[in-house]
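What the coordinates show
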Amino acid sequence: MAEAETKSIDTASIKMIKKAADDGVNTAFDRAEKMKPCPIGAVGSCCTNCGMGPCRVPLPKSRTETPQEKQKRRGICGATAETIAARNFIRTIAGGAAAHSDHARGVAELFLAVAKGEAPGYEIKDEQKLLQLALDWDIEVGDRSNNEIAIDIGKIALAEFGKQEGELLFLRRAPLKRQELWRREGVAPRGIDREVVEIMHRTHMGVDQDYHNLLRQGVRASLADGWGGSMIATELQDVLFGTPTPILGRVNLGVLKQDEVNIIIHGHDPLLSEMIVVATQDSEMIELAKSKGANGINLAGLCCTANEILMRHGIPLAGNFLQQELALVTGAVEAMVVDVQCIMQSLPDIAQCYHSKIITTSPKAKITGATHIEFDERNAMESAKAIVRTAVENFPNRGQSIDIPEEQSDLVAGFSHETINYLLGGVFRASYRPLNDNIINGRIRGVAGVVGCNNPRVKHDDIHLTMIKELIRNDVLVLQTGCSAMAAAKAGLLTPEAAAKYAGEGLASVCEAVGIPPVLHLGSCIDNSRILMAATAMVKDGGLGDDLSDLPVAGAAPEWMSEKAISIGQYFVGSGVFTVFGVNWPTLGSDEVTKLLFQDFEDIYGGMWAFEPDPIRAAHLMIAHIDKKRKALGIDKARERILYDMEMRREMV
Ligand code: BF8
Ligand code: SF4
């Protein structure tokens, strides 16, 4: 195997990659080295949609292909490279949108149960947000109780999934111009499930065979994710568990403890993790841990469920996606409790090399070789305790091969879009005005959302960090979610001190004045909907155009791997945001489809995709786009003045 140092930039991970090799444990880093991607599948030209195939359609031999030659490059059903690439691409969107939205459906179901008093242990924590939702959805408030209002909200939220006509309710939150554009283009989503199902229908053999038309449906389903499923999940979770406010946390494998029962909660669903948080603090459980020789119970998170409990409780993050196997390699994890999404099937096998237990909890996500303890939300505390008890009882089985890396970093998280509002505008006059003003006066050049996964095809965390540092150095404020936020956190970028160290002078001056980091952590991947809301608030506050596509903003997922990332990227593009992805790009098998996504979409949606694996170059594509928007807004001169002032100030000292 190649040197561990080439696999990750994170020293804790490098140590565990080496330990894995010593312990004879195989990880995603090893598998990625061995498994060469199929070159035809990698560019989106392999179709498995029917039993006549699989069909692999090669790239044209020359740019000036004759009709006769072109005819030969087809699947058995006659599908062209364009159709195949577009079908594959929107099926990816369907997968991602379905994952976010099915998560959201679970939240809505629990929400309704809580409102009806059928889910003991949960309660409505954020009354203000509940009332805001009631207002948004025209639900009568009057002197009705919170639970009565919540029952209406829960029912309406659930109906959004199966709605057959009309439009999703949250579309109304977008700037008016954007809503009109969506209607004009026929991409305003009806029901969430309907848009996903329609993709599966249209991509069946012999249905939609026009790549423009296919991609239009892709945009529609992705919008049903961003302004539908994901936004519903974020909003209802906030009402149930509290809207995040700035909170201190710690990150990296060093948060695991030698002398305590280590429980890692991994996946995406806060319904479970919220209860596990409570169960690990239960005195009966702590006593049990002590009786087993441990000094207590230490809970840490992985992947997006980690972000959820970090944002609301300050629970430490053990790490991001590519650290899930490495966490087990420490030999110090009593149980890894998983729910849904981004969970590697290799975990039970690795757990067997140590003493760890992998506990699956969702009826939707079982893994052969894992222990299944179903989490029943209507009997949440009992289920959570059963899970914690299993972990605690495993403590005496710890083996000899234990090595917890010491690395851990401080971070500040909890920047919901409401918090950004308060922090910048003050509690009494919450507003995005100061952010807009600092963009207009050029101290902040623009805003970038840097989000998404890890991917072992590239150096772990390195692409995120290089991109983010380049952006903040150039005065671009960075908003983050998902595994990308954890990469930045491990490198210390989510602390206020990072502003002086890494940010350009303009951005640093704003961060120092407000006391915020130059990189703001907004939560899990469904919380990308918070970025949509923050961008919308910027438009509504005025001075930066009248649509999301006018804003000097850009998005990126430089180490993406998940179908969810493609759905997220697509809803940002469909909302008017320039979005650049790294690693690889799944439509390169068709020049036409790629051109539509990378160029023509800008004319239609004001936002478009780009692919650039080099993080510095990708950052500069984003900066160039931000500057283009500044120019269109007529605020490009302000920034030149500011830089000039700073140059002069530097000369004076
Ligand atoms: O939903 S960033 S690796 S954990 S998919 Fe998965 Fe990607 Fe992480 Fe979160 Ni999002
Ligand atoms: Fe091949 Fe067409 Fe079947 Fe796809 S749908 S596998 S291109 S025959």
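The present account deals with the structure reproduced in this document. Just so we're clear, the structure is a prediction, and the values are computed from it rather than from any experiment. (Residues numbered from 1 in each chain as written. Chains lettered and ligands numbered in written order. Predicted model: local features only at pLDDT ≥ 70, side-chain atom pairs only at ≥ 80, totals over all residues. Heavy atoms only, no water.)

1. Topic: the overall build of the chain
Operational definition: Runs of E in the DSSP output that reach at least two residues are strands. Runs of H or I that reach at least four are helices, and both are numbered from the N terminus. For the radius of gyration, the atom set is restricted to C-alpha positions; the globular benchmark scales as 2.2 Å times the number of residues to the power 0.38. Burial status follows relative accessibility: with a 1.4 Å probe on protein chains alone, a residue under 20% of its type maximum counts as buried, one over 50% as exposed, and anything between as partly exposed. In what follows, residue pairs with any heavy atoms lying within 4.5 Å of each other are defined as contacts. In these tables, accessible area is a Shrake-Rupley quantity obtained with a 1.4 Å probe, and a residue counts as shielded only by the protein chains included in the view. In this tally, Asp and Glu contribute negative charge and Lys and Arg positive charge; neither His nor the terminal groups of the chain are included. Charge positions come from single atoms, namely NZ of Lys, CZ of Arg, CG of Asp or CD of Glu.
Counting its secondary structure elements, the chain contains 27 helices and 16 strands. A globule of 653 residues ought to have a C-alpha radius of gyration of about 26 Å, and the chain, at 24 Å, matches this closely. Along the first, second and third principal axes, the C-alpha set of the chain runs to 75 × 65 × 60 Å. Each of the 653 residues in the chain was classed as buried or not, and the buried ones make up 62%. The contacts of the chain with a sequence gap of at least 6 include a subset with a gap of at least 24, amounting to 75%. Element-wise, carbon and sulfur atoms account for 52% of the exposed surface of the chain, whose accessible area totals about 24300 Å². Averaging the locations of the 70 positively and 85 negatively charged side chains of the chain gives two centres separated by 4 Å.

2. What about the sheet that holds strand E12 (residues 476-480)?
Put simply, the test is: Criterion used throughout: strands pair if DSSP finds at least two bridges between them. Orientation is described by lines fitted to C-alpha atoms, with helices fitted over the stretch in contact, and by angles between N-to-C directions that extend from 0 to 180 degrees.
Pairing within the open sheet is parallel, and its six strands lie in the order E13-E12-E11-E14-E15-E16. Pairing within the sheet leaves two strands with one partner each, and these edge strands are strand E13 (519-521) and strand E16 (609-611). Strand-to-strand twist in this sheet, taken as the mean axis angle between neighbours without regard to direction, amounts to 25 degrees. Of the pairings in the sheet, the one linking strand E14 (residues 553-557) to strand E15 (residues 578-581) comprises four bridges and is parallel in character. Residue Ala554 lies in a different strand from E15, and its bridge partner there is Phe578.

3. Focus: the coordination of the nickel atom of ligand 1
Let me state the cut-off plainly: For Na, K and Ca the donor cut-off is 3.2 Å, while for other metals it is 2.8 Å, and in both cases only N, O and S atoms qualify; water is not among them, so sites may look incomplete. Square planar and octahedral sites, with four and six donors, are those where opposite donors lie more than 155 degrees apart and all other angles lie between 65 and 115, tetrahedral sites have four donors with every angle between 85 and 135 degrees, and the rest are irregular.
On the protein, Cys525 (SG) is the one donor atom to the nickel atom of ligand 1, at 2.2 Å. Here the nickel atom of ligand 1 binds four donor atoms, and the angle range of 91 to 159 degrees at the metal identifies the geometry as irregular. The topology assignment puts Cys525 in the loop between E13 and helix H23 (528-541).

4. A short note on the packing of helix H5 (residues 81-115) against helix H25 (residues 591-605)
For any two helices packed against each other, the geometry comes down to the angle between their axes and how far apart the axes lie. The test is simple: For classification purposes, an angle smaller than 35 degrees is called roughly parallel, one larger than 145 roughly antiparallel, one from 65 to 115 roughly perpendicular, and anything else oblique.
At a minimum axis separation of 8 Å, H5 and H25 run at an interaxial angle of 50 degrees. Considering the angle they form, H5 stands oblique to H25. Facing H5, whose interface residues are Glu82, Ala85, Ala86 and Phe89, H25 presents Glu592, Val593 and Leu597.

5. So, the environment of Ala537
Tracing the backbone shows Ala537 in helix H23. The spacing of Ala537 and Arg433 is 104 residues in sequence and 9.4 Å in space, taken between C-alpha atoms.

6. With respect to empty space enclosed by the protein
Put simply, the rule reads: In the cavity and pocket records, a cavity denotes points on a 1 Å grid over the protein atoms alone where a 1.4 Å probe fits but cannot get out, a pocket denotes an open set with protein on both sides within 12 Å along at least 5 of 7 lines, and lining residues are residues with an atom within 4 Å of a point. Grid points are joined across faces, edges and corners, and a volume is the space filled by probe spheres set on the points. Residue classes follow a fixed rule: Ala, Val, Leu, Ile, Met, Phe, Trp, Tyr, Cys and Pro count as nonpolar, while Asp, Glu, Lys and Arg count as charged, and any other residue, Gly among them, counts as polar.
All told, the structure shown has five cavities of 30 Å³ or more when counted by the stated rule. Here the largest cavity is characterised by a volume of approximately 320 Å³. Around the largest cavity, the lining comprises 33 residues; the ones closest to its centre are Val451, Asn528, Ile531, Ile568 and Phe572. Secondary-structure elements contributing two or more residues to the lining of the largest cavity are helix H13 (303-313), strand E11 (446-450), helix H20 (482-490), H23, E14, helix H24 (563-574) and E15. Taken together, the residues of the lining of the largest cavity break down into 23 nonpolar, nine polar and one charged. In this structure, the second largest cavity occupies an estimated 70 Å³ of space. Counted by class, the lining of the second largest cavity contains seven nonpolar, three polar and one charged residues.

7. Observations concerning the nonpolar core
Heads up, the rule is: Here, nonpolar core refers to any group of buried Ala, Val, Leu, Ile, Met, Phe, Trp, Tyr and Cys residues whose side-chain atoms link them within 4.5 Å.
Counting 174 residues, the largest nonpolar core has Tyr122, Ile153, Leu471, Phe601 and Met622 as its most contacted members. If near-sequence neighbours (up to four positions away) are discounted, Met622 is found in contact with Ala448, Gly449, Val450, Met467, Leu471, Ala554, Gly555, Ala556, Phe578 and Val580. Of all hydrophobic cores here, the second largest spans 37 residues; its members include Ala12, Leu328, Ala332 and Val333.

8. Re the packing of aromatic side chains
This is how the line gets drawn: Only Phe, Tyr and Trp rings are paired, with Trp represented by its six-membered ring, and only when their centres lie within 6.5 Å; those with planes under 30 degrees apart are stacked, over 60 edge-to-face, the remainder tilted.
Throughout the structure, instances matching the rule amount to 12 aromatic pairs. Ring centres 5.0 Å apart and planes at 85 degrees place the aromatic pair Phe601 and Tyr605 in the edge-to-face group. Of the two residues, Phe601 and Tyr605 are both situated in helix H25; the distance of four residues between them amounts to about one turn of the helix. Judged by relative accessible area, Phe601 falls into the buried class, the value being 3%. In this structure Tyr605 comes out as buried when scored by relative accessible area, which is 2%.

9. Description of unusual backbone geometry
For the bond running from Gly53 to Pro54, omega is -5 degrees, close enough to zero to count as cis. Its location among the elements puts Pro54 in the loop between strand E1 (46-47) and strand E2 (55-56). Phi is positive for Asp138, close to 55 degrees, though the residue is something other than glycine. Residue placement: Asp138 occurs in the loop between helix H6 (127-136) and helix H7 (146-162). Here Asp138 falls in the exposed class, since its relative accessible area comes to 63%.

10. Regarding the site of ligand 1
Test applied: Here, proximity means that at least one heavy atom of the residue falls within 4 Å of the molecule or strand. Pairs of N or O atoms are called polar contacts if they sit within 3.5 Å, as long as, within protein, a hydrogen donor faces a hydrogen acceptor (for residues adjacent in sequence, only side-chain-to-side-chain pairs). To qualify as sitting in a cavity or pocket, a molecule needs more than half of its atoms within 2 Å of the grid points.
Near ligand 1, the surroundings consist of His268, Cys303, Cys304, Phe321, Cys342, Gly452, Cys453, Cys483, Cys525, Met561, Ser562 and Lys564. Take His268: an N or O atom from its side chain is 2.6 Å from an oxygen atom of ligand 1. With respect to ligand 1, the side chain of Lys564 contributes an N or O atom lying 3.0 Å from an oxygen atom. Counting atoms within 2 Å of the grid points, the majority share of ligand 1 lands in the largest cavity. Considered class by class, the residues forming the shell around ligand 1 number eight nonpolar, three polar and one charged.

11. Looking at H25
What counts, and what does not: By this rule, a helix spans an expected 1.5 Å times one less than how many residues it contains. Working definition for bend: take the seven residues up to and ending at a residue and the seven starting at it, fit an axis to each, and measure the angle between the axes.
Its 15 residues place the ends of H25 20 Å apart at the C-alpha level, agreeing with the 21 Å of an ideal helix rising 1.5 Å per residue. Maximum bend of H25: about 45 degrees, positioned at Gln599. Inspection of H25 places Val593, Thr594, Leu596, Leu597, Phe601 and Tyr605 among the buried residues, and these make up the whole buried set. Residues of H25 that are buried sit in contact with H5, helix H8 (176-185), helix H10 (211-241), H24 and E16. Just downstream of H25 lies Gly606, where phi reads positive at about 80 degrees.

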